[in-house]
Amino acid sequence: MPAVAISSLQALTQQQLDLPADYRKKLRRADEFTKTIINCTYLGLNSAPQLGIVPEKIGLFLGTSFGPLETNFHFLDSLLEDGEGQASPTLFSHSVHNAAAGYLTRLFSINGPAITISSYAWPFLAVLEQAALMLHSGIIDRAIAVSGEMYSPLLEHAGQQLEKSSYKFCKTGAVTWILDKITEKKKENNIIINKIAISYKPCNVATFLTRKGEECIVENENIKISELLSYAYLLTDQIQKKRSSGDKGEFKWCVKAPFGQANIILSF
Amino acid sequence: MDELKQQLKEMVINDLKLQEISPKDINDNDALFGDGLGLDSLDAVELVVLIQKTFGVQIEDMEEGQKAFASIQALAEFIEERKAN
Amino acid sequence: MRHPLKYKPAITGVGCISAAGINTGEHLVTINQKNRNAQHVPNWLFHTQKKFPVFICPQQALTETGQNLLQSFKLDIGKISIGRTAKLLFSAVAEAIEMSGLKIADLQKKRVGVAIGTTVGCAFNDENYYQAFKQGFNPPLNPVLNYLNSNLAYWLQTVIGVEGPSMVITNACASGADAIGIAASWLASDLCDIAIAGGADELSRIAYNGFIALQLYDHSPCRPFDKDRNGLNLGEGAGIVILEKENRVTEKDKIIGWLLGYGICSDAWHPTAPHPEGQGIVKAVKIAIEEAGDANLKFNLINAHGTATKANDVAETNALAVILNAQRNETPIISTKGITGHTLGAAGAIEAILTLFSLKQETTDGTVGCHEIDPSLKVKPLSEPERVKLTGKIGLSQSLAFGGGNSALIVEAN
């Protein structure tokens with residue numbers, strides 16, 4: 001995997017939503033999944049260096065496990081309650097997995113590739129890997145890597161039946177990293193992703209939801225993970241802390257679960 | 001007719017989730033689409049469903065819809081005419 | 001993206017299932033005989049009062065080839081509940097693997113990437129469970145477990161017993177094309193030796209009602225590029241290609257064709273409507289041509305997205321006028337959605353395969369469902385009765401998606 005630079009990192013939950021006024025207008029029809037993703041990406045882009053990259057050379061990589069599931073259910077509600085022929089077309093168009101990607105491209109003027117992927121394991125790591133490949137290929141000069149999930153009462157209820165009554169799904173939230181190509185300057189001052197390796201194995205599929213057995217291993221510490229997206233929040237948080245500390249050198253990060261393993265090597 | 005127009009203005013604002021605008025800001029003859037209120041083709045099909053659900057009035061296709069949706073006034077007249085027949 | 005020649009993706013096997021046939025050969029016959037298999041939604045698929053035409057696969061979504069392959073893995077079938085989308089997918093995978101001549105035991109020793117596009121196949125649509133949950137009951141969890149078992153790429157890798165990069169692409173109508181393009185990029189980057197790529201989608205009540213609500217659905221069987229066209233019809237199916245690095249294919253005769261280039265680009269225009277001039281697809285095709293490495297590349301056949309909506313067919317033909325430029329009057333352009341319907345996540349893959357096989361047989365039939373070409377279109381696709389000889393082996397298959405995605409695949413027949 002070719003090395004790329006992380007130019008900014010951002011995580012956001014729905015509780016922290018604070019959209020600028022003109023975005024609220026453009027997002028009037030959007031659901032909380034899209035709004036949270038947009039807000040997170042807005043902050044991420046603002047704190048990344050302004051390199052003047054043309055829209056055609058910016059790519060978007062959005063990964064999610066369950067997508068706008070609640071919006072899908074709201075459309076189903078309108079179908080069940082109002083009947084065929086009176087279901088909401090707006091809800092339908094927003095229930096497709098790549099609806100949020102469409103908003104991202106329109107609001108942030110992204111004319112390069114926009115790829116939405118679905119993975120129950122670690123969708124954020126999967127999009128990081130694909131983003132790095134496309135940066136290296138020269139098709140794009142900047143990649144916006146995003147992951148988001150939408151709180152689902154239905155899946156939380158199922159998780160509680162499968163695991164334990166205290167199981168929590170995850171609040172609606174998102175993570176956005178801006179990735180750029182490495183320049184000599186970046187090598188000195190920025191965080192470099194040197195390697196991402198993800199492997200999957202057959203498992204009890206309930207663990208995709210319950211996250212039972214998922215743990216993060218970093219600097220000899222094992223941290224148990226029990227919610228969706230937590231791995232991405234943890235990774236983001238740990239990198240931000242490392243950057244603030246001023247420490248230099250290699251940083252190895254690993255996440256393991258019954259469904260596979262992912263290793264990331266960064267350098268500061 | 002005035003009550004219907006008020007209801008339509010509230011419906012457009014609430015159900016199409018228009019921001020920072022109240023019914024009194026919409027004039028009866030303002031264009032709803034394009035440069036007027038800025039509604040688009042997705043709002044148009046949503047409005048078709050809303051009109052059907054709320055008033056039981058069917059709009060057969062978007063050509064018919066375009067005329068009916070020209071303004072609140074046009075829409076109110078369209079609904080009243082349909083309900084009378 | 002450049003393909004260093006040693007990693008040029010060769011297509012060594014394909015599989016297709018849709019209303020037009022349960023394998024690739026049947027599709028070609030259907031196009032040739034113009035057998036439209038449009039019908040109303042049967043009750044065994046789902047209940048609906050709406051009588052719009054749909055293009056569906058047999059009730060038994062797993063073909064004999066698919067069943068034989070699945071049984072060969074000696075899985076504990078009783079515990080596995082495989083959804084319709086997965087069955088359609090597996091049917092296409094089975095045909096493709098058989099065509100490629102690859103043995104499962106050999107596949108299991110290699111790095112095999114799996115990239116599958118879908119739109120419906122990633123949604124939880126068990127209405128009974130949903131309603132029971134909403135009413136405060138504790139319904140049995142099987143639908144949830146089946147859903148968690150349904151990530152198509154993960155599931156396929158688990159069943160076949162292979163390891164390698166794995167991805168489900170949910171880019172709406174371009175998903176199948178993007179899956180193939182992304183899989184090719186894995187080969188080019190040496191992330192895997194072989195890739196199984198394409199798309200699959202079953203017909204869902206949600207999507208059916210969704211497109212009807214959007215007023216994009218024709219009451220009649222669809223008529224791409226026709227002056228009276230009035231919208232799309234949904235279909236279902238799967239399309240799969242096996243991609244291998246050309247230098248690793250020992251029997252060159254078994255190469256069906258090559259993927260010369262892939263381009264992807266965003267309109268950033270509207271949630272459901274394409275850019276009126278098709279700017280995004282123009283750029284996507286340009287990127288694909290750049291990857292193919294030949295600025296003077298000429299297309300001998302174009303399989304358009306051609307959904308038969310008013311907006312798509314105009315935008316797309318505007319774009320093709322720009323893309324083809326001086327060749328606009330001599331390049332055959334067709335849509336095959338007249339016999340498959342719009343198969344959503346499968347479309348880009350099925351259509352790339354149909355393009356390849358038309359190039360192989362050096363002839364194309366016209367656009368089934370198109371009787372009188374809309375005179376206002378800037379290029380003239382082939383209408384239903386037409387049949388033309390092709391003058392070369394290079395074709396373009398393009399997809400324009402909800403959300404503004406545009407994808408282009410350039411294929412060359414062997």
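Residues numbered from 1 in each chain as written. Chains lettered and ligands numbered in written order. Predicted model: local features only at pLDDT ≥ 70, side-chain atom pairs only at ≥ 80, totals over all residues.

### Some remarks on the overall build of chain B
Item 1. Helix and strand counts for chain B stand at four helices and zero strands.
Item 2. Listed N to C, the secondary structure of chain B is α-α-α-α in terms of helices and strands.
Item 3. In summary, chain B has a C-alpha radius of gyration of 12 Å against a globular reference of 12 Å for 85 residues, a match within 12%.
Item 4. In terms of its C-alpha atoms, chain B occupies a principal-axis envelope of roughly 35 × 25 × 20 Å.
Item 5. Of all 85 residues assigned to chain B, the portion counted as buried reaches 27%.
Item 6. Sequence separation of 24 or more characterises 52% of the internal contacts of chain B that already satisfy a separation of 6 or more. (Helix = DSSP H or I, 4+ residues; strand = E, 2+ residues; numbered from the N terminus. Rg over C-alpha atoms; globule rule 2.2 N^0.38 Å. Buried ≥ 20, exposed ≤ 12 C-beta atoms within 10 Å, placed from the backbone. Contact = placed C-beta atoms within 7 Å.)

### Structural notes on the overall build of chain C
Item 1. What chain C contains, in helices and strands, is 13 helices and 15 strands.
Item 2. By principal-axis analysis of the C-alpha atoms, chain C measures approximately 60 × 55 × 40 Å.
Item 3. Sorting the 414 residues of chain C into buried and exposed places 65% on the buried side.

### Details of the sheet that holds strand β2 (residues 38-39) of chain C
Residue and element names in this part refer to chain C.
Item 1. Taken in spatial order, the three strands of this open sheet run β2-β3-β7, and their pairing is mixed. Each end of this open sheet is capped by a strand with a single partner; those strands are β2 and β7 (234-235).
Item 2. Where strand β3 (residues 54-55) and β7 come together, two bridges link them in parallel fashion. Each bridged residue has a counterpart across the sheet, and for Phe 55 the counterpart in β7 is Gly 235. (Pairing = 2+ DSSP bridges.)

### With respect to the pairing of strand β15 (residues 405-413) of chain C
All names here are of chain C.
Item 1. For β15, a buried count of nine out of nine residues is recorded, marking the element as mostly surrounded by other parts of the structure.
Item 2. A two-sided burial pattern is seen for β15, the buried positions comprising Gly 405, Ser 407, Leu 409, Val 411 and Ala 413 on one face and Asn 406, Ala 408, Ile 410 and Glu 412 on the other.
Item 3. When strand β14 (residues 394-400) meets β15, the two strands line up antiparallel, connected through seven bridges. Directly across from Ser 397, in β15, lies its bridge partner Leu 409.
Item 4. Hairpin connection between β14 and β15: a loop of four residues separates the two successive antiparallel strands, and Gly 403 in this loop has a positive phi of roughly 90°.

### Quick notes on helix α3 (residues 69-82) of chain A
Item 1. The terminal C-alpha atoms of α3 of chain A, which comprises 14 residues, lie 20 Å apart, in line with the 20 Å expected from a rise of 1.5 Å per residue.
Item 2. Burial in α3 of chain A covers these residues: Leu 69, Glu 70, Thr 71, Asn 72, Phe 73, Phe 75, Leu 76, Ser 78 and Leu 79 of chain A.
Item 3. Those residues of α3 of chain A that are buried are in contact with α2 (32-46) and α4 (89-95) of chain A together with α5 (127-134) and α9 (205-213) of chain C. (Expected span 1.5 Å × (residues − 1).)

### A few points about the packing of helix α10 (residues 279-292) of chain C against helix α11 (residues 310-324) of chain C
All names here are of chain C.
Item 1. Across the interface, α10 lies against α11 with an axial gap of 8 Å and an inter-helix angle of 40°. As judged from the angle between their axes, α10 and α11 are oblique. Here the hand of the crossing between α10 and α11 comes out right-handed. In this structure, α10 contributes Ile 281, Val 282 and Val 285 to the contact, and α11 contributes Glu 316, Ala 319, Val 322 and Ile 323.
Item 2. Class assignment for the residues of the contact of α10 with α11 results in six nonpolar, no polar and one charged. (Axes fitted to C-alpha atoms, helices over the stretch in contact; angles between N-to-C directions. Parallel < 35°, antiparallel > 145°, perpendicular 65-115°, else oblique. Left-handed = near helix turned anticlockwise from the far one by under 90°. Nonpolar A, V, L, I, M, F, W, Y, C, P; charged D, E, K, R; others polar.)

### Thoughts on the interface of chain C and chain A
Item 1. On the chain A side, the residues contacting the 50 residues of chain C number 52 residues.
Item 2. Elements represented by at least two residues in the side of chain C that touches chain A include exactly α5, α6 (142-148), α7 (152-160), β5 (166-169), α8 (175-188), α9, β9 (257-266) and α10 of chain C.
Item 3. When the residues that make up the side of chain C that touches chain A are grouped by side-chain class, the tally is 25 nonpolar, 20 polar and five charged.

### Focus on unusual backbone geometry
Item 1. We note that Lys 17 of chain B has phi near 55°; this positive angle belongs to a residue other than glycine.
Item 2. Tracing the chain through its elements places Lys 17 of chain B in the loop between α1 (2-15) and α2 (41-55).
Item 3. Even without being a glycine, Ala 308 of chain C presents a positive backbone phi close to 85°.
Item 4. Relative to the helices and strands, Ala 308 of chain C resides in the loop between β10 (301-303) and α11.
Item 5. Since 31 C-beta atoms lie within 10 Å of it, Ala 308 of chain C is described here as buried.

### Here's the deal with the confidence of the model for chain C
Item 1. Looking at chain C, the pLDDT average stands at 94 and 97% of residues meet or exceed 70.
Item 2. The complex prediction reports pTM at 0.96, with the ipTM value standing at 0.96. (pLDDT = per-residue confidence, 0-100.)

### Let's talk about the packing of α1 of chain B against helix α4 (residues 72-84) of chain B
Helix-helix packing: each pair is described by the crossing angle between the helix axes and the interaxial distance.
All names here are of chain B.
Item 1. As a packed pair, α1 and α4 sit with axes 10 Å apart at the nearest point and diverge in direction by 120°. One element, α1, and the other, α4, form an angle in the oblique class. By crossing handedness, the relation of α1 to α4 is classed as right-handed. Listed contacts from α4 to Leu 4, Lys 5, Leu 8 and Lys 9 of α1 are Ile 72, Leu 75, Ala 76, Ile 79 and Glu 80.
Item 2. Its residues placed into classes, the contact of α1 with α4 shows six nonpolar, no polar and three charged.

### Things to note about the interface of chain C and chain B
Item 1. Taken together, the contact between chain C and chain B spans seven residues of the former and seven residues of the latter.
Item 2. Looking at the side of chain C that touches chain B residue by residue, the class counts come to four nonpolar, three polar and no charged.

### Topic: the environment of Val 96 of chain A
Item 1. Along the chain, Val 96 of chain A falls in the loop between α4 and α5 (99-107).
Item 2. A count of 33 C-beta atoms within 10 Å places Val 96 of chain A in the buried class.
Item 3. Not counting residues up to four positions away in its chain, the partners in contact with Val 96 of chain A are Thr 119, Ala 172 and Phe 402 of chain C.

### Remarks on the pairing of β9 of chain C
Side-chain direction in a regular strand flips from residue to residue, so the side chains alternate between the two faces of the sheet.
Residues and elements named next belong to chain C.
Item 1. In terms of burial, β9 is largely enclosed, as ten of its ten residues are buried.
Item 2. Of the strand pairs in this sheet, β9 and β15 are connected by nine bridges, and their pairing is antiparallel. Within β15, the position partnered with Trp 258 by the bridge is Glu 412.

### Observations regarding helix α10 (residues 230-245) of chain A
Residue and element names in this part refer to chain A.
Item 1. Under the 1.5 Å per step criterion, the end-to-end length of α10 is 22 Å for 16 residues, consistent within 8% with the ideal 22 Å.
Item 2. Listed in full, the buried residues belonging to α10 are Tyr 231, Ala 232, Tyr 233, Leu 235 and Ile 239.
Item 3. At the C-terminal side of α10, Gly 246 shows a positive phi close to 80°.

### A word on the environment of Asn 318 of chain C
All names here are of chain C.
Item 1. Here Asn 318 shows up in helix α11.
Item 2. Classification of Asn 318 as buried rests on a count of 21 C-beta atoms within 10 Å.
Item 3. Taking the C-alpha atoms as reference points, Asn 318 and Pro 276, 42 residues apart in sequence, are found 7.9 Å from one another.
Item 4. Non-local contacts of Asn 318, meaning those with residues more than four positions away in its chain, are made with Glu 277, Gly 278 and Lys 378.

### Re the confidence of the model for chain B
Item 1. The pLDDT averaged across chain B works out to 91; a share of 100% of its residues lies at or above 70.
Item 2. Here helix α3 (residues 62-68) of chain B is the element of chain B with the lowest mean pLDDT, 85, and α1 of chain B is the one with the highest, 94.

### Focus on the environment of Asn 194 of chain A
Residues and elements named next belong to chain A.
Item 1. As for its position among the elements, Asn 194 is in strand β6 (residues 191-200).
Item 2. For Asn 194 and Ala 206, which are twelve residues apart along the polypeptide, the C-alpha to C-alpha distance reads 32 Å.
Item 3. Discounting residues that sit within four places of it in the chain, Asn 194 has contacts with Ala 3, Ile 265, Leu 266 and Ser 267.

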